[in-house]
Amino acid sequence: MSENPAVSRDETQADLMARVDTSVPVSARIWNYWMGGNDYYPIDKEAGDAYAQLSPGVFDLARSSRSYLARAVRYVTGDAGVRQFLDIGSGLPSHDPTHEVAQGVAPESRIVYADNDPLVLVHARALLASNPHGGTDYIGADLYDPGTLVSVARTKLDFTQPIAIMLMGVMGHIGNPGEDDDEAARSIVDRLKDALPSGGYLVMYEGVNTDPAQDKALGQYNESGAVPYRVRRPEQVVRFFDGMELAEPGVVQIHQWRPDPSTVDPPGVPALGGVGKKP
């Protein structure tokens, strides 16, 4: 994530684009390519295609992750009644971004996106034209500094009322699951949960090391010079929800979390997700 806790609204689109490095593949843009979007560069497509040659199921994973996000946001907005979202590491969705899903259920919902990629911030500015009854905003933030991230978010959201913090696949870039029992990542997630008021939610999914093809592809990807992405053991993902009250069906493969009856999902994807409520 970026070292800058916030990006000034006075910074122009040209200023932001000048900070976009098109010589190194970026996860958010690669995922946009896998999801069928258009916001990526040739280096991102090249990396995405190389990965898919070893792990062709990644296209199913990308689509399943977007479908899971939509279902989870609809649940938190509709069933749980939450009207505020902090979407950290939001990336470049090709469809169904958090604010559109939430405001489709409750137009007064407020969504703050946080990311470190200048290209994401450029697109975030376009997202500010949200439903007039609600609001959409963005911050540039460093997930390794959750205290500052939350401090800036407090200027845009009311942390005395329920908030849903969303971590959709972003923790793979944070810490190393094989070091110190994943202490760095657990500490960050714990600090974010601590910031939640009672009745707040953690909405999360993460990749798991249950697919040998994916593990091999990730090994080559991480050696390519791109920002590393590391999957976790299933129990490490489950542990992120410690202290939370899990909505049914708990932490499961993302395509199995409250699937839409009309949706045909793949038989299995190497990612676990869940929705937890802070008591």
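Whatever comes next refers back to the structure up there.
Just so it is clear, the model here is predicted, and its values are computed rather than measured. (Residues numbered from 1 in each chain as written. Predicted model: local features only at pLDDT ≥ 70, side-chain atom pairs only at ≥ 80, totals over all residues. Heavy atoms only, no water.)

## Observations regarding helix 9 (residues 212-222)
Every buried residue of helix 9 is accounted for by Q214, A217, L218 and Y221. Buried positions in helix 9, seen along its axis, are confined to an arc of 100 degrees and lie on one side of it. Across helix 9 from its buried face, at more than 90 degrees, point the exposed residues P212 and K216. Buried residues along helix 9 sit against helix 2 (27-34), helix 3 (42-54) and helix 4 (58-79). The backbone nitrogen of A213 lies 3.0 Å from a side-chain oxygen of the residue at the head of helix 9, namely D211. (Buried < 20%, exposed > 50% of the residue type's maximum accessible area, 1.4 Å probe, protein only. Helix = DSSP H or I, 4+ residues; strand = E, 2+ residues; numbered from the N terminus. Arc of directions from axis to C-beta. Contact = heavy atoms within 4.5 Å. Polar contact = N/O pair within 3.5 Å; in protein donor to acceptor, adjacent residues only side chain to side chain.)

## Here we look at the pattern of salt bridges
Once their charged atoms are close, side chains differing in charge can pair, the charge on each being opposite to the other. Taken as a whole, this structure holds 11 salt bridges when the rule is applied. Taking the shortest distance from any N to any O, the salt bridge between R29 and D44 comes out at 2.6 Å. With R29 in helix 2 and D44 in helix 3, this residue pair connects regions lying 15 residues apart in the sequence. The buried category is assigned to R29, whose relative accessible area is 1%. Here R63 makes a salt bridge to D60, at a shortest N to O gap of 2.9 Å. Of the two residues, R63 and D60 both sit in helix 4, 3 residues apart, roughly one turn of that helix. By relative accessible area, R63 is classed as partly exposed at 45%. (Salt bridge = Lys/Arg side-chain N within 4 Å of Asp/Glu carboxyl O.)

## Some thoughts on the packing of aromatic side chains
Under the criterion given, the structure shown has 8 aromatic pairs. Their ring planes at 75 degrees and their centres at 6.2 Å tell us that Y33 and F59 sit as a pair that is edge-to-face. Taken together, the positions of Y33 in helix 2 and F59 in helix 4 put the pair 26 residues apart, joining distant regions of the chain. A relative accessible area of 14% means that Y33 is categorised as buried. Their ring planes at 90 degrees and their centres at 6.2 Å tell us that Y68 and Y205 sit as a pair that is edge-to-face. With a gap of 137 residues between them, Y68 in helix 4 and Y205 in strand 5 (residues 201-207) connect regions that are remote in the sequence. As far as the burial class goes, Y68 and Y205 line up, both buried. Ring pairing ties together the aromatic residues W31, W34, Y51 and Y221, which thus form one cluster. (Phe/Tyr/Trp six-rings, centres within 6.5 Å; stacked < 30°, edge-to-face > 60°.)

## Quick word on the environment of S64
Relative to the elements of secondary structure, S64 occurs in helix 4. For S64, a relative accessible area of 2% puts it in the buried group. Placed 189 residues apart in sequence, S64 and Q253 show a C-alpha to C-alpha distance of 9.8 Å.

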